[in-house]
Structures are given as C-alpha cells and as structure tokens.
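# Breakdown of the fold
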Amino acid sequence: MPAKSSADIIDYTLDLSTWLASTNDTIVTVTPIIQTLLGISYDLAAIMGGVVDNYQAVIIFAAGPPNYLVAVSYKIVTARGLVRVVPFIVPINDITSATDPPAPDAISYAVTMDSSAITLNSSAVTLGAKIS
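This text gives an overview of the structure that appears in the document. Just so it is clear, the model here is predicted, and its values are computed rather than measured.

## Some thoughts on the sheet that holds strand β5 (residues 68–78)
Strand order across the open sheet formed by three strands is β2-β5-β6, with antiparallel pairing between neighbours. Each of the sheet's edge strands pairs with one partner strand only, and the pair in question is β2 (27–34) and β6 (83–92). Strand-to-strand twist of the sheet, defined as the mean angle between neighbouring strand axes without regard to direction, takes the value 25°. As paired elements, β5 and β6 share ten bridges and run antiparallel to each other.

## A word on the nonpolar core
Counting residues in hydrophobic clusters, the biggest one holds 20 residues, and the most contacted among them are Leu44, Phe61, Val72, Tyr74 and Ile76. For this core, the secondary structure elements donating two or more residues are β1 (9–15), β2, β4 (56–62), β5 and β6. If we skip the residues at most four places from it in the chain, tyrosine 74 touches Tyr12, Leu14, Val30, Thr31, Pro32, Ala57, Ile59, Phe61, Arg84, Val85, Val86 and Phe88. Ala45, Ile47, Met48 and Ile60 belong to the second-largest nonpolar core, a separate cluster that totals five residues.

## What to know about the environment of valine 72
With respect to the helices, strands and loops of the structure, valine 72 is situated in strand β5. Distance from valine 72 to glutamine 35, taken between C-alpha atoms, is 5.6 Å for residues 37 residues apart in sequence. Leaving out residues up to four positions away in the same chain, valine 72 has contacts with Ile33, Gln35, Leu44, Phe61, Val86, Pro87, Phe88 and Val90.

## Some points on the side chain of serine 73
Positionally, serine 73 belongs in strand β5. A distance of 3.0 Å separates polar atoms of two side chains, one belonging to serine 73 and the other to glutamine 35. Residues contacting serine 73, with those up to four places away along its chain left out, are Thr31, Pro32, Ile33, Gln35, Val85, Val86 and Pro87.

Conventions adopted
Residues numbered from 1 in each chain as written. Predicted model: local features only at pLDDT ≥ 70, side-chain atom pairs only at ≥ 80, totals over all residues. Heavy atoms only, no water. Pairing = 2+ DSSP bridges. Helix = DSSP H or I, 4+ residues; strand = E, 2+ residues; numbered from the N terminus. Axes fitted to C-alpha atoms, helices over the stretch in contact; angles between N-to-C directions. Core = buried A, V, L, I, M, F, W, Y, C linked by side-chain atoms within 4.5 Å. Buried < 20%, exposed > 50% of the residue type's maximum accessible area, 1.4 Å probe, protein only. Contact = heavy atoms within 4.5 Å. Polar contact = N/O pair within 3.5 Å; in protein donor to acceptor, adjacent residues only side chain to side chain.

Listed below in structure tokens is the structure:
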C-alpha cells in the first residue's frame, strides 16, 4: 500500500472483483483490524468505511505514527458466507508531524463524501458513524 502522512485522511481500497467475478458473489461487510497499535493518541485509526460497488472494500484512515509501518488486515465477508482476511502494511511517512485522528463529531468536516456511495452491512454509511 502507498505511504500516508500522519495528517492524511485517506482511503485504502481493496478491489476484489477478480476474486468474486466467477462466483457471482459480493462483499457484505468489511472490518478493519489494526494490528500494531502503540497505545498513543495518534495511532492509525479507521474512521469510516464500507463496501462500494459490491466488490470494493474501502476504509478511510487517519493519523498514524510517523516513520512507522502499521500492520492492518481487512476481514471481508461475502453474501455467500465466504470469509477472507487480507493483510497489508500501511507505511506512515514523516512528511508531517504526528497528528491525532479527528474527533467523531468532526469527521463530516474532515471528509467530504457522498454518504450514499458507501454501504456498511447493506446500509448507507453516515459521516461520523463509528465502525467496528
């Protein structure tokens, strides 16, 4: 995955259309698992996410400790009950200093997005909604 700065609020999208195309299956849920939390205020944080176009798992991340590699996994569940865990590394560069993630009530100001474009558990994601 490409690097992000601690100040970036950006999405990491996994396109699973090739995997699911031959099965006539779709993604139902995506759950981010941040595996290398340091217990600091600016740990990498998943602030929003869901499924786009039935085949793309999307999570928007904020913060992250500069000059650190953060291990992340997406747990993906399909309509047919398949489960796939996809691990990857999010490198945090040192372009900016450590930045805390936005407060939940500030997310709608920090991220501009059509809330109907992303669904989570078959429902449109509301900006500022907490994901698990």
